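For reference, the chains in residue letters:
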There are 2 protein chains.
Amino acid sequence: MNIGEIARRAGVSRSTVSYALTGKRPVSEATRRRIQDVIDELDYKPNAAARALAEGRTRTIGLVIPPAAARLTHMQLDFVAAVVEAAAKVDLDVLLSPSGGDHDRSFERMISGRRVDGAIVMEIRVQDARVERLLDEELPFVGIGHTARADRMCWIDVDYATLIGRCVHHLADLGHSAVALVNRSPELVASGYGPGLRAAEGFGAAVAERGIAGYAYLCGDDAASGRSVVERIRAEHPEVTGIATLNEAALPGVQHGLEDAGLRVPRDVSIVGVAAAQWAQDFRPPLTAADVPAQQMGAQAVELLVERIAAPDTIPRHILLTPPISLRSSSAPAPR
Amino acid sequence: MNIGEIARRAGVSRSTVSYALTGKRPVSEATRRRIQDVIDELDYKPNAAARALAEGRTRTIGLVIPPAAARLTHMQLDFVAAVVEAAAKVDLDVLLSPSGGDHDRSFERMISGRRVDGAIVMEIRVQDARVERLLDEELPFVGIGHTARADRMCWIDVDYATLIGRCVHHLADLGHSAVALVNRSPELVASGYGPGLRAAEGFGAAVAERGIAGYAYLCGDDAASGRSVVERIRAEHPEVTGIATLNEAALPGVQHGLEDAGLRVPRDVSIVGVAAAQWAQDFRPPLTAADVPAQQMGAQAVELLVERIAAPDTIPRHILLTPPISLRSSSAPAPR
DNA sequence: TTGTATGCGTTATCAT
DNA sequence: ATGATAACGCATACAA
């Protein structure tokens, strides 16, 4: 079923059908109805590929997610969900590309095949090949996270340096004098993962400012690693009574590890994190944390992208969020 | 950059370039090289929409996910991840459509716009408008889950009736004489959600067979509901010492609720579930559960779909999985 | 208000 | 082994 067939049955030309559909040209009420009847009868829908070819746009956006998708964190999952919902709301389809490094086939198909009108890229690294690729392909995009050269792109991010700093201050305020940072995985941070690097900075600055002892640990993004990082902290710095973290996935393991060591949260050890709100609430005990508004961010990313697609040559906008810390039950005054 | 430009610069016709690219017709080594050089130089990639239009296929599959995407369970997330990975592996792109009922715009775009060569539909209900739609549109698809008329479609599913039955038998074997089923949400089950209905059947059959007391409860897919269902169970049937569930999302709340009531797992109450393996392991205490191999299922769904796209008129294949229960730490002999 | 003709970038069917 | 050319289904500039 194509537009020609509709035109034939309605006794009009193809262009009239097309215009009746798009409304880009006035069509008399009579013929409009006649056409609509035929369309309804055969339930005709224009072919997306043909339309994309003729129109030069696909009405689709790409969403570039981390490749090891099975290990998406709650926060990442919330981003994906929010992006998909927000896109659907403005009648945009979402094409998923699981790609991290460069030269990824699905990423390349998306970009150079012009399968999408624009893209949202998750888990941006400080230097990111995908960003370079998108820039020189001149495809509109927005990052969730930003590169070192932040001015060249459109992005939305969370101010991890400040947030982890606030975690430290909160712990210091509670009287903790030795704290540890449980950062993301060694591989991720080594590859220049922005939040990891910035969290480390913020942590260093804050402990220096407060004059307390601070020890930064890298930790794999899984429960087992969380467990073992606790063992390392206990062995190397048993005086630590406060933990700041942005590693959601490790936290259940951290919790188990503390339990194994006979330590209770928050009586013996306080934990303060940066995490998705929903997740922080459901943690046990409910986690004192800077709640990252992942859903809102996903929706805003779509907004930014839509803007950018409409006006690709304006200067890139940025949004940097610094959500407040929500006090819950995982932090308490330092034990005496 | 289009194929014509490549042809011009290489001094050949467009068709020759096309054939050099697809290999569907022999091309002399000399011209092939010449063409390839031009292609590499301009890094030309064929336009996806044009190709789709000419070829009649999009090299894209649709993935229909539940609409309230923010609340995807771990198991659902694992499906999505597995599908995306498996699809990427065979150079298929994935278009996401968050749609539950019928008449969903993104679903309709996908189907009638012929944006995809086939689709994978998650969270199938016993009677499912999307399935009907796909059937009469004659678009190849496979369901994760099956309808009442299972023979008409291609699907892969988990045998919830049997698995929940096994949970009950496991509890009975441990001496529990009063058990409860924590099912999925009232809305979901009321709308004919297969796993919910089949779990209830399996539960009923098993408690009858063992001659123990069994109480089936519906429960929203969230922690708060989990908490309140425990309160209800405690109030109405305080003798219950065993819980069988397929409601992952409620389980943290169930756990909290039991704690609030001063009950410990598994000392006072045993919990046995049907859940994603990863999640069951990370639960506290590690959950005795039938581990749903979500990743494998996602990959198999893609395989089935690829098969079906290649041969749409063969009789539909089905895969019904019954993974064994993995004993972990959430189940123990009934308290005396 | 409506119709005609052309272009979008490929693939594929004829020819040669 | 290669070239011309007609689809593919729609949008739109140009005519009437």
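Criteria and thresholds
Residues numbered from 1 in each chain as written. Chains lettered and ligands numbered in written order. Predicted model: local features only at pLDDT ≥ 70, side-chain atom pairs only at ≥ 80, totals over all residues. Heavy atoms only, no water. Buried < 20%, exposed > 50% of the residue type's maximum accessible area, 1.4 Å probe, protein only. Helix = DSSP H or I, 4+ residues; strand = E, 2+ residues; numbered from the N terminus. Pairing = 2+ DSSP bridges. Right-handed = clockwise from strand over helix to strand, strands pointing away. Near = heavy atom within 4 Å. Polar contact = N/O pair within 3.5 Å; in protein donor to acceptor, adjacent residues only side chain to side chain. Expected span 1.5 Å × (residues − 1). Least-squares fit on C-alpha atoms with pLDDT ≥ 70 in both. Contact = heavy atoms within 4.5 Å. Axes fitted to C-alpha atoms, helices over the stretch in contact; angles between N-to-C directions. Buried area = accessible area lost by both parts, 1.4 Å probe. Salt bridge = Lys/Arg side-chain N within 4 Å of Asp/Glu carboxyl O. UniProt positions renumbered as here; feature names shortened; annotations may be inferred. Core = buried A, V, L, I, M, F, W, Y, C linked by side-chain atoms within 4.5 Å. Domains from an automatic or database assignment.

### Digging into the pairing of strand β9 (residues 270-276) of chain A
All names here are of chain A.
Okay, step 1: Taking burial as the measure, the 7 residues of β9 include 7 buried ones, the bulk of the element.
Okay, step 2: One ladder, built from 4 bridges, connects strand β8 (residues 242-245) with β9; its direction is parallel. Bridge pairing links Thr245 to Gly273 in β9.
Okay, step 3: Relative to strand β10 (residues 288-292), β9 runs parallel, the two being bridged by 5 bridges. By the bridge assignment for β10, Val274 is matched with Ala290.
Okay, step 4: For the crossover from β9 across helix α13 (residues 277-282) to β10, the handedness is right-handed.

### Some details on the protein's contact with DNA strand D
Okay, step 1: Near DNA strand D lie 27 residues; those nearest to it are Ile3(A), Tyr44(A), Thr16(B), Arg25(B) and Ser28(B).
Okay, step 2: When the atoms of DNA strand D within 4 Å of the protein are sorted by group, sugar and phosphate make up 52%.
Okay, step 3: Ser13(B) is positioned with one of its backbone polar atoms (N or O) 2.9 Å from a phosphate oxygen of DNA strand D.
Okay, step 4: Separating a phosphate oxygen of DNA strand D from a side-chain N or O atom of Thr31(B) is a distance of 3.2 Å.
Okay, step 5: In terms of residue count, the dominant contributor to the surface near DNA strand D is helix α2 (residues 14-22) of chain A (4 residues).

### Regarding helix α8 (residues 160-173) of chain A
Residue and element names in this part refer to chain A.
Okay, step 1: Between the first and last C-alpha of α8 there are 19 Å, a value that for 14 residues agrees with the 20 Å anticipated at 1.5 Å per step.
Okay, step 2: Counting buried residues along α8, 10 of its 14 residues qualify, which places the element largely inside the surrounding structure.
Okay, step 3: All of the buried residues along α8 are Tyr160, Ala161, Leu163, Ile164, Gly165, Cys167, Val168, His170, Leu171 and Ala172.
Okay, step 4: Just past α8, the residue Gly175 takes up positive phi, approximately 95°.

### Overview of the relation of the copies chain B and chain A
Okay, step 1: For the pair chain B and chain A, the best superposition has an RMSD of 0.1 Å and corresponds to a rotation of 180° with a translation of 0.1 Å parallel to the axis. Here the copies are linked by what is in effect a two-fold axis.
Okay, step 2: Both copies contact each other with a shared surface, as 100% of the interface residues of chain B are interface residues in chain A too.

### Some points on the protein's contact with DNA strand C
Okay, step 1: Lining the immediate environment of DNA strand C, one finds 28 residues, of which Thr16(A), Arg25(A), Ser28(A), Ile3(B) and Tyr19(B) sit closest.
Okay, step 2: Each atom of DNA strand C within 4 Å of the protein belongs either to a base or to sugar and phosphate, the latter forming 49%.
Okay, step 3: Within the side chain of Arg14(A), a nitrogen or oxygen atom sits 3.4 Å from a base oxygen of DNA strand C.
Okay, step 4: Mapped onto the surface near DNA strand C, the elements with two or more residues apiece are α2 and α4 (48-55) of chain A together with α2 (14-22) and α4 (48-55) of chain B.
Okay, step 5: Looking at which element gives the most residues to the surface near DNA strand C, the answer is α2(B), with 4 residues.

### Section: the sheet that holds strand β6 (residues 178-182) of chain B
All names here are of chain B.
Okay, step 1: What the 6 strands build is an open sheet, ordered β7-β6-β8-β9-β10-β12; its pairing is mixed. Bordering the open sheet on either side are β7 (213-217) and β12 (325-326), each of which pairs with just one other strand.
Okay, step 2: With 2 bridges connecting them, strand β10 (residues 288-292) and β12 associate as antiparallel partners. Each residue of the ladder has a partner; that of Ala289, found in β12, is Ser326.
Okay, step 3: Contacting β6 and β7, helix α10 (residues 194-210) crosses the sheet at an angle of about 175° to β6.

### Comments concerning the interface of chain B and chain A
Okay, step 1: Counting residues at the interface gives 49 residues for chain B and 49 residues for chain A.
Okay, step 2: Both faces considered, chain B and chain A share a buried interface measuring about 4,200 Å² in area, 50% of it formed by carbon and sulfur atoms.
Okay, step 3: Looking only at chain B, the three residues that lose the most surface to chain A are Asp93(B), Leu96(B) and Arg284(B), adding up to 16% of its buried area.
Okay, step 4: Linking Arg109(A) and Asp93(B) is a salt bridge whose minimum nitrogen-to-oxygen distance equals 2.9 Å.
Okay, step 5: Remark: the boundary between chain B and chain A carries 20 residue pairs in polar contact (both at pLDDT 80 or more).
Okay, step 6: Those elements that place two or more of their residues in the side of chain B that touches chain A are α4, α5 (74-89), β2 (93-98), α6 (105-112), α12 (251-260) and α13 (277-282) of chain B.
Okay, step 7: At 8 residues, the largest contribution of residues to the side of chain B that touches chain A is made by α5(B).

### Some points on the environment of Arg284(B)
Okay, step 1: Structurally, the position occupied by Arg284(B) is in the loop between α13 and β10.
Okay, step 2: According to the relative accessible area criterion, Arg284(B) is buried, its value standing at 18%.
Okay, step 3: With 190 residues separating them in the primary sequence, Arg284(B) and Val94(B) have C-alpha atoms 35 Å apart.
Okay, step 4: Apart from the residues within four sequence positions on either side, Arg284(B) is in contact with Gln255(A), His256(A), Glu259(A), Arg284(A) and Gln255(B).
Okay, step 5: A distance of 3.1 Å separates a polar atom in the side chain of Arg284(B) from a polar atom in the side chain of His256(A).

### What to know about the side chain of Ser106(B)
Okay, step 1: Note on placement: Ser106(B) falls in helix α6.
Okay, step 2: A polar side-chain atom of Ser106(B) sits 2.7 Å from a polar atom in the side chain of Ser97(B).
Okay, step 3: When sequence neighbours within four positions are dropped, the list of residues in contact with Ser106(B) reads Asp93(A), Ser97(B), Pro98(B) and Ser99(B).

### Observations regarding the UniProt feature "domain: HTH lacI-type" (unreviewed entry) in chain A
Okay, step 1: Taking the numbering used here, the UniProt-annotated feature "domain: HTH lacI-type" (unreviewed entry) corresponds to residues 1-55 of chain A.
Okay, step 2: Here residues 1-55 of chain A is 69% helix and 0% strand, with 20 Å between the C-alpha atoms at its ends.

### Some details on the nonpolar core
One broad rule of soluble globular proteins: the nonpolar side chains tend to lie buried together.
Okay, step 1: By size, the foremost hydrophobic cluster in this structure holds 150 residues, and its most contacted members are Leu63(A), Ile120(A), Val274(A), Leu63(B), Ile120(B) and Val274(B).
Okay, step 2: Residues contacting Val274(A), with those up to four places away along its chain left out, are Tyr160(A), Leu163(A), Ile164(A), Cys167(A), Thr245(A), Leu246(A), Ala290(A) and Val292(A).

### Structural notes on the domain arrangement of chain A
Okay, step 1: The domain boundaries assigned to chain A delineate domain 1 (3-46), domain 2 (60-158 + 294-320) and domain 3 (160-293).
Okay, step 2: Each of domain 1 of chain A and domain 2 of chain A was reduced to a C-alpha centroid, and the two centroids are 37 Å apart.

### Digging into the sheet that holds β10(A)
Residues and elements named next belong to chain A.
Okay, step 1: Sheet architecture is open: 6 strands sit in the order β7-β6-β8-β9-β10-β12, paired in mixed fashion. Looking along the sheet, the strands with just one partner apiece sit at the ends: β7 (213-217) and β12 (325-326).
Okay, step 2: Across the sheet, helix α11 (residues 223-236) touches β6 (178-182) and β7, and the angle it forms with β7 is around 145°.

### Topic: the pairing of strand β5 (residues 154-158) of chain A
Successive residues of a regular strand alternate their side chains across the two faces of the sheet.
All names here are of chain A.
Okay, step 1: Taking burial as the measure, the 5 residues of β5 include 5 buried ones, the bulk of the element.
Okay, step 2: Taking every second residue as pointing to the same face, both faces of β5 are buried, with Cys154, Ile156 and Val158 on one and Trp155 and Asp157 on the other.
Okay, step 3: When β5 meets strand β11 (residues 318-321), the two strands line up parallel, connected through 4 bridges. Note that in β11 the partner of Val158 across the bridge is Leu321.

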